[in-house]
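Per-entry structural report
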Amino acid sequence: MSMNVLVFGAHPDDADLGVGGILAKLGAADYKVCIADLTAGEMASRGTVEERRKEAQEAAERLGVETRVCLELPDGNVANVESQRQQVLACIRQFQPTYIIAPMTPDRHPDHGAAHALIRDANFLAGLPKIETGHPPHRANRLFYYHPYHSIGEAPTFVVDISETYTQKVDALKAFASQLHNPNYAGAETYVSSKAFWEAIEIRARYWGQRIGVVYGEPLYTDLPLGVNLPWLT
Ligand SMILES: [Zn+2]
């Protein structure tokens, strides 16, 4: 199964929060996109694993994503160790992506920072033929990184205009009824489920949009410089 883009999140709503607008845009352009959640989010203060799985599938459908899988790594204990690299490597080989989008570091959640190094290294190793799995060796050409919500550290490499897909992103995020702000859900209030967090989603999108002269934007980071062809991008 060959995908144009494989997007990793440490938890079932990370990819949607960080790059939901970009994924909706890629889906609309007929890119085949797969979201791979590293963990099922079993350490969350709200929502069961089953609830979260259903919510994540619904969000993926609303974004126009081809498929969504979960690697079942331990929530709260994502680490760049051999056993977890093997699982991520096998996932990369299964989906054969041209591009990978993964969490950026540093980040206040240890799983996000660990996922960054884990996926970067697994992608390199996935190209080594002497490591045998059930699928042929494959290494994505390029990795892009995102922060699920806190943009800390260096400035992003570039910002994508998501003005056209911002409402689709918000609609997808509403599928996470147990996680994000939802007065109808009875559960312990957390930072992520607070009204302030929900409002900050729009504030961030508007901030990054303003930085590139559009309404809504999502920032991405790269390890390597980005080549640009003339005429210049707008
Ligand atoms: Zn997360």
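Look up a bit, the structure's there.
Report follows, based on the coordinates. Everything quoted here is computed from the prediction, not taken from an experiment.

1. Describing the state of the cysteines
Per the counting criterion, the structure on display carries 0 disulfides. The thiol of Cys34 is unpaired, and the distance to the nearest cysteine sulfur, on Cys91, comes to 5.9 Å. Under the relative-accessibility criterion, Cys34 is labelled buried at 0%. Cysteine Cys70 remains unbridged, with the sulfur of Cys91 as its closest cysteine sulfur at 10 Å.

2. Topic: the side chain of Ser194
Structurally, Ser194 is set in the loop between helix 5 (166-173) and helix 6 (195-211). A residue is classified by how much of its surface remains accessible, and Ser194, at 12% relative accessible area, is buried. Here the side chain of Ser194 touches Phe197 through a polar contact of 3.2 Å, landing on its backbone nitrogen. Those residues within four positions of Ser194 in sequence are excluded, and the remaining contacts are His181 and Glu189.

3. What to know about the pairing of strand 5 (residues 142-146)
Judged by how many residues are buried, strand 5 sits mostly within the fold: 5 of 5 residues are covered. Side chains Arg142, Phe144 and Tyr146 of strand 5 all project onto a buried face; the interleaved residues Leu143 and Tyr145 project onto the opposite face, where all are buried too. As defined by bridge partners, strand 4 (residues 99-103) adjoins strand 5 across 5 bridges and the pair is classed as parallel. Residue pairing across strands places Ile100 opposite Leu143, the latter belonging to strand 5.

4. Quick notes on the coordination of the zinc ion
The zinc ion binds to the protein through His11 (ND1), Asp14 (OD), Asp14 (OD) and His112 (NE2), with metal-donor distances spanning 2.1 to 2.4 Å. Bound by 4 donor atoms, the zinc ion shows angles of 57 to 129 degrees at the metal and therefore irregular coordination geometry. Sequence spacing among the residues donating to the zinc ion works out to H-x2-D-x97-H. Remark: His112 occurs in helix 4 (residues 110-125) and His11 occurs in the loop between strand 1 (5-9) and helix 1 (14-28); sequence separation between them is 101 residues. Exposure remark for His11: the relative accessible area of 7% places this residue in the buried category.

The rules we used
Residues numbered from 1 in each chain as written. Predicted model: local features only at pLDDT ≥ 70, side-chain atom pairs only at ≥ 80, totals over all residues. Heavy atoms only, no water. Disulfide = S-S within 2.5 Å. Buried < 20%, exposed > 50% of the residue type's maximum accessible area, 1.4 Å probe, protein only. Helix = DSSP H or I, 4+ residues; strand = E, 2+ residues; numbered from the N terminus. Polar contact = N/O pair within 3.5 Å; in protein donor to acceptor, adjacent residues only side chain to side chain. Contact = heavy atoms within 4.5 Å. Pairing = 2+ DSSP bridges. Donors = N, O, S within 2.8 Å, 3.2 Å for Na, K, Ca; no water. Tetrahedral: all angles 85-135°; square planar, octahedral: opposite > 155°, others 65-115°.

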